[in-house]
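Close look at the chain arrangement
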Amino acid sequence: MSGDGVELSAAMASQICDQIRSVFSSPPSPSPAGSRALPPPLDILVAEISVVAAAAGKVFVHGVGREGLMMKALCMRLYHLGLSAHVVGDVTTPPIAAGDLLLASAGPGGFSTVDAICGVAKSAGARVALLTAQPGAGSIACRSADAVAYIPAQTMADDEEELRAPRGVRLPMGSLYEGALFVLFEMVVLRLAEVLGQAPAHLRSRHTNLE
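Residues numbered from 1 in each chain as written. Predicted model: local features only at pLDDT ≥ 70, side-chain atom pairs only at ≥ 80, totals over all residues. Heavy atoms only, no water.

1. Quick word on the overall build of the protein chain
Along the protein chain, the regular secondary structure elements total 8 helices and 5 strands. In sequence order, the secondary structure elements of the protein chain are arranged as α-α-β-α-β-β-α-β-α-β-α-α-α. Long-range contacts, defined as pairs at least 24 residues apart, comprise 69% of the intrachain contacts of the protein chain with a sequence gap of at least 6. Total accessible area computed for the protein chain in this model is approximately 11,100 Å², and 59% of it derives from carbon and sulfur atoms. (Helix = DSSP H or I, 4+ residues; strand = E, 2+ residues; numbered from the N terminus. Contact = heavy atoms within 4.5 Å. Areas by Shrake-Rupley, 256 points an atom, 1.4 Å probe, with all protein chains shown as cover.)

Here you go:
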């Protein structure tokens, strides 16, 4: 790669990282009811998952598209941390029940499938934690969530022309939200490792050897 290419790559990477960092620098959002500000998403997720882990409950994750890929990445690390973690829709996924937790992502506030899965989880007595950029969307997922992790990032629901940066790199569609999910989940895993007393060697010991 030429010197110009290296500089361009570094500049683009810096601008993208700045955009993701800005997501976590935004002021907290009011709750859907408008009564109080929502806690930081890191605090919400660590608290919700820690409670389930302490009670030996199961954690289920669900999302669609690229959001779903980020949820699967989190599920993998939760398993490495020693939790009973499952991706909704896998053929080996067990039933959800009271004492379990569903982590669902709906960046624009709701998707038909996410709404349906959240409804099933609630009917089974499980807790639902929703990750979203639109906590006031009024969707079934938003209304049924016991906890909402607000991630103030652009999604497919936003008007890109209104949000376009005056110059430089601007991530398309829902890429900013999805990138923020990845970074958030890395922070969650680091915090959970401390809470659960899991050293890097413990996580590595649970990594598959069928590769």
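2. Structural notes on the pattern of salt bridges
Evaluation of the coordinates by the stated rule reveals 6 salt bridges. Across the salt bridge formed by Arg191 and Asp43, the nearest N and O atoms sit 3.7 Å from each other. Here Asp43 lies in helix H2 (residues 41–54) and Arg191 lies in helix H7 (residues 175–196), a separation of 148 residues in the sequence. We classify Asp43 as partly exposed; its relative accessible area is 35%. Taking the shortest distance from any N to any O, the salt bridge between Lys122 and Asp146 comes out at 2.9 Å. (Salt bridge = Lys/Arg side-chain N within 4 Å of Asp/Glu carboxyl O. Buried < 20%, exposed > 50% of the residue type's maximum accessible area, 1.4 Å probe, protein only.)

3. Structural notes on the nonpolar core
Counting 40 residues, the largest nonpolar core has Leu78, Leu103, Leu131, Ile151 and Phe185 as its most contacted members. Here this core gets 10 residues from one element, more than from any other, and that element is H7. Each residue touching Leu78, except ones within four places of it in the same chain, is listed here: Ile49, Val59, Leu83, Ala85, Leu103 and Leu192. Judged by nonpolar contacts, the second largest core, of 17 residues, contains Phe60, Ala106, Val114 and Val128. (Core = buried A, V, L, I, M, F, W, Y, C linked by side-chain atoms within 4.5 Å.)

4. Some words on H2
In this model, H2 (14 residues) spans 20 Å end to end at C-alpha, consistent with the 20 Å of a helix rising 1.5 Å per residue. Restricting attention to buried positions, one finds in H2 the residues Pro41, Leu42, Ile44, Leu45, Val46, Glu48, Ile49, Ser50 and Val52. Contacts made by the buried residues of H2 are with strand E1 (58–62), helix H3 (65–80), strand E3 (101–105), strand E4 (127–132), strand E5 (147–150) and H7. (Expected span 1.5 Å × (residues − 1).)

5. Topic: helix H4 (residues 112–123)
Taking 1.5 Å per residue as the helical rise, H4 with its 12 residues ought to reach 16 Å, and the 17 Å between its terminal C-alpha atoms agrees with that figure. All of the buried residues in H4 are Val114, Asp115, Cys118 and Ala121. Projected down its long axis, H4 shows its buried positions confined to an angular sector of 130°, all on one face. Away from the buried face of H4 by more than 90 degrees, exposed residues Ser112, Val120 and Ser123 are located. The secondary structure elements touched by the buried residues of H4 are E1, E3, E4 and helix H5 (140–144). At the exit of H4 stands Gly125, carrying a positive phi of roughly 90°. (Arc of directions from axis to C-beta.)

6. Description of the pairing of E1
For E1, the buried fraction is high: 4 of the 5 residues fall into the buried class. Two strands pair when backbone bridges link them, and E1 and strand E2 (residues 84–87) are joined in this way by 4 bridges, in the parallel orientation. Bridge assignment links Phe60 to a residue of E2, and that residue is His86. In this region the chain leaves E1, passes through H3 and returns to the parallel neighbour E2; the handedness of that crossover is right-handed. When E1 meets E3, the two strands line up parallel, connected through 4 bridges. Bridging across to E3, Phe60 finds its partner in Leu102. (Pairing = 2+ DSSP bridges. Right-handed = clockwise from strand over helix to strand, strands pointing away.)

7. Description of unusual backbone geometry
What is expected of a backbone is that most residues other than glycine have negative phi and most peptide bonds are trans. Residues other than glycine seldom take positive phi values, yet Ala56 does so here, at roughly 60°. Checked against the element boundaries, Ala56 lands in the loop between H2 and E1. Residue Ala56 is classed as exposed on the basis of its relative accessible area of 69%. The phi angle at Met173 is positive, at roughly 45°, despite the residue not being glycine. Here Met173 shows up in the loop between helix H6 (160–163) and H7. Judged by its relative accessible area of 42%, Met173 is partly exposed.

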